[in-house]
Amino acid sequence: MLESIDEILGAGSGFLWGYILLFCLLGTHLYLTVVLRFPQRHLFRAMSYYFKRSGEGHISHFASLMVSLAANVGTGNIIGVAVAVSTGGPGAVFWCMVTGLLGMATRYAECLLSIRYRRVDALGHLVGGPMYVLEHGLHCKWLAVVFAVLTAIAAFGIGNLTQANAVSAVLQESALNIPTWATATVLCILVAAVLLGGLRGIAHTCKACVPTMALVYAVGCVLVLAAHADFILPAVQLILDSAFSAHAATGGFIGSTLMLAMRTGVQRGLFSNEAGMGSSPIVAAPVQTPNAVQQALVASTGPFWDTVVICTLTGVTLTTCLYAEPAIAAADGSLLSFHAFSTIGLLGSGMLTVSLAAFVVSTLLGWSYFGESALEYLGGVKLIIPYRAVWVAAVFVGAVIPKSSIVWNFSDCVNALMALPNLVSLVALSPLLVAQTRRYLWSNRLDDVDPEIAVAKTAHEGK
């Protein structure tokens, strides 16, 4: 039964992630990068707003970014990159990085629109996201509903089942040999405790955990690289060479074609940073900001940290280990990171285990808010508590389900479907994006107040 489901989902993932979606995604990234005059060049300026107070909103610039990164930085950065390397070869690392770099423009655009069309819900909270953009910006209610439904479903894939499944598999494989049911129980308790505090509770937790967990993981990667220092430069060269040509199987690597390397790299890049998928703009909307451009610029740094830095570091580390240790089997992508970190003994496997567990918990928290917001759009605030209960139950199921490829294929399918409505809104509303960017960013007026977003409309009001 499980094998049949896996085959169906795998076929669906392969179809959705064929040439059409690949070029739609990269095409949107490139288009927005060009028409917005390469907003990536304002990276350091965006960072200067991390700790700038802009008023008493629901959450600050930095807190919003940390929740977004908490949702984005997860198994996609560790297991996902490993799967990309094992499936698409070392060249996939390059395309994953390119997706992150170009995705910064798309993240900027989708967060700008999310703030422009945000609303106030029945509890007095600021809410937003592509569903509000589609309804009030494009006046396309049915497409907004489609996006919200897909987001609520996708949350259980990319933000729940895959995360719990990956960490339970690693903990069971580690020296601790923790049974999956024990991991499931602890995860459920931790997630339920934080969800009681709503968005503020999630934001406070993520502000404390995300920088620390990212640092611990980065240090682990550096230690693994230091142990195989002689192979770093050859590994980087191999990544660059493989990104533009077919890579023949040598050592621990498997063969790959150019298209496969590009497809898997882009696919895992999106899975990791989610630029263009429409999830992160949901948490950008509640920020109290003088204008939408300022917060959009801060949000655009998310794909840089998530993919350009962390995913690239993971890819280089894994490729270096495969180059140095041919005995490591690249075919087993789900456990490749574990085997690579194990090359430096218990310290490496321990750091990976701690990092992965922290990444998973943070992703579970961030995506719970995304799914909750989508469901609230569909049925109101009365659905929030039941959704949280189902969310916690799904964490347990994801941790104990025996076949990990099922949840990965499921996530790929719903991610692809979720991205399409959001990409439509980004392209259709690009004139507004250009106008806003010209008014505040290009004219160097990032601190000016935009009266049109100073007082958000209630959720039932029109544009």
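What you see is a predicted model; the values in this text were computed from it and never measured. (Residues numbered from 1 in each chain as written. Predicted model: local features only at pLDDT ≥ 70, side-chain atom pairs only at ≥ 80, totals over all residues. Heavy atoms only, no water.)

This next bit is on the overall build of the chain. What the chain contains, in helices and strands, is 21 helices and three strands. For the chain, buried positions account for 62% of its 463 residues. Taking as baseline every contact in the chain between residues at least 6 positions apart, the subset at least 24 positions apart corresponds to 85%. (Helix = DSSP H or I, 4+ residues; strand = E, 2+ residues; numbered from the N terminus. Buried < 20%, exposed > 50% of the residue type's maximum accessible area, 1.4 Å probe, protein only. Contact = heavy atoms within 4.5 Å.)

Between helix H4 (residues 61–72) and helix H15 (residues 302–324), the least distance of the axes is 9 Å, while the angle of their chain directions is 30°. Put simply, H4 runs roughly parallel to H15. Viewed along their axes, H4 and H15 form a crossing whose handedness is right-handed. Taking contact as the criterion, the partners of Leu65, Leu69 and Asn72 in H4 are, on H15, Gly302, Trp305 and Asp306. (Axes fitted to C-alpha atoms, helices over the stretch in contact; angles between N-to-C directions. Parallel < 35°, antiparallel > 145°, perpendicular 65-115°, else oblique. Left-handed = near helix turned anticlockwise from the far one by under 90°.)

A separate point is unusual backbone geometry. Its identity as a non-glycine residue notwithstanding, phenylalanine 38 has a phi of 55°, on the positive side. Secondary-structure assignment places phenylalanine 38 in the loop between helix H2 (19–35) and helix H3 (43–47). Since its relative accessible area comes to 36%, phenylalanine 38 is described here as partly exposed. The phi angle at asparagine 444 is positive, at roughly 60°, despite the residue not being glycine. Within the fold, asparagine 444 resides in the loop between helix H20 (430–442) and helix H21 (451–454). You can call asparagine 444 exposed: its relative accessible area is 55%.

Here we come to the packing of aromatic side chains. What the rule picks out here adds up to 13 aromatic pairs. Here tyrosine 217 and phenylalanine 359 contribute two aromatic rings whose centre-to-centre distance is 5.6 Å and whose plane-to-plane angle is 65°, an arrangement assigned as edge-to-face. One end of the pair, tyrosine 217, is in helix H10 (residues 198–227); the other, phenylalanine 359, is in helix H17 (residues 346–379), with 142 residues separating them in the sequence. Phenylalanine 359 carries the same exposure label as tyrosine 217, and that label is buried. Considering the side-chain rings of phenylalanine 304 and tryptophan 305, the 5.1 Å spacing of their centres and the 75° angle between planes classify their relative orientation as edge-to-face. The class of phenylalanine 304 is buried, set by a relative accessible area of 17%. Taken together, Phe94, Trp95 and Phe244 form an aromatic cluster joined through their ring pairs. (Phe/Tyr/Trp six-rings, centres within 6.5 Å; stacked < 30°, edge-to-face > 60°.)

Looking now at H2. Structural remark: α-helix, 3.6 residues per turn; residues separated by three or four positions point the same way. Here H2 contains 17 residues, and its C-alpha end-to-end distance of 23 Å stays within 8% of the 24 Å for a straight helix at 1.5 Å per residue. For H2, the complete set of buried residues consists of Leu21, Leu22, Leu25, Leu26, Thr28, His29, Leu32 and Thr33. Along the axis of H2, the buried positions cluster into a sector of 145°, meaning they face one direction only. Away from its buried face by more than 90 degrees, H2 exposes Tyr19, Ile20 and Val34. Positive phi shows up at arginine 37, right after H2, with a value of about 60°. (Expected span 1.5 Å × (residues − 1). Arc of directions from axis to C-beta.)

Further remarks concern the side chain of aspartate 306. Topologically, aspartate 306 is positioned in helix H15. Buried within the structure, aspartate 306 lacks any salt-bridge partner; arginine 107 is the closest side chain of opposite charge, at an N-O distance of 6.9 Å. Excluding residues within four positions of it along the chain, aspartate 306 makes contact with Leu69, Asn72, Val73, Asn77, Ser272, Asn273 and Cys311. (Lys, Arg positive; Asp, Glu negative; His and termini not counted. Salt bridge = Lys/Arg side-chain N within 4 Å of Asp/Glu carboxyl O.)

Within the element layout of this structure, leucine 123 appears in the loop between strand E1 (119–120) and strand E2 (126–127). Distance in space between the C-alpha atoms of leucine 123 and glycine 380 is 10.0 Å, their sequence separation being 257 residues.

Across the chain, the average pLDDT comes to 82, with 89% of residues at 70 or higher. For the chain, strand E3 (residues 457–458) is the element with the lowest average pLDDT, namely 55, and H20 is the one with the highest, namely 96. Note that pLDDT drops below 50 for residues 248–252; the model gives that stretch seven contacts with residues more than four away or on any other chain. (pLDDT = per-residue confidence, 0-100.)

With respect to the secondary-structure elements, tryptophan 181 resides in helix H9 (residues 180–195). Of the residues examined, tryptophan 181 reaches a relative accessible area of 55% and is grouped as exposed. Residues tryptophan 181 and serine 168, 13 residues apart in the sequence, show an inter-C-alpha distance of 8.4 Å. Once you skip the residues sitting within four places of it in the chain, tryptophan 181 turns out to touch Phe396 and Val400.

The subject of this paragraph is the nonpolar core. Among the nonpolar cores identified, the biggest contains 144 residues, and Trp367 and Trp391 are the most heavily contacted of them. Sorting elements by how many residues they give to this core places helix H8 (residues 141–173) first, with 15 residues. Once residues within four sequence positions are removed from consideration, tryptophan 391 is found in contact with Ala155, Phe156, Gly159, Asn160, Val191, Leu195, Leu364, Trp367 and Ser368. (Core = buried A, V, L, I, M, F, W, Y, C linked by side-chain atoms within 4.5 Å.)

Okay, a nonpolar patch on the surface next. A cluster of nonpolar side chains, contributed by Val145, Val149, Ile153 and Leu378, occupies part of the molecular surface with about 260 Å² of accessible area. Counting residues per element, the nonpolar patch draws most heavily on H8, which supplies three residues. Looking at where leucine 378 falls in the secondary structure, it is placed in helix H17. (Patch = residues over 30% accessible without salt bridge, like charges linked within 9 Å, V, L, I, M, F, W, Y side chains within 5 Å. Areas by Shrake-Rupley, 256 points an atom, 1.4 Å probe, with all protein chains shown as cover.)

Moving on, we come to helix H7 (residues 130–137). Counting buried positions along H7 gives eight out of eight residues, so the element sits mostly inside the fold. Three or more residues of H7 are buried, namely Pro130, Met131, Tyr132, Val133, Leu134, Glu135, His136 and Gly137. Once H7 finishes, histidine 139 follows within two positions and takes phi at roughly 55°, a positive value.

Before going further, it helps to spend a moment on the pattern of salt bridges. Side chains that carry opposite charge are capable of pairing whenever their charged atoms lie near each other. Taken as a whole, this structure holds five salt bridges when the rule is applied. For aspartate 448, the salt bridge identified is with arginine 445, shortest N-O distance 2.7 Å.

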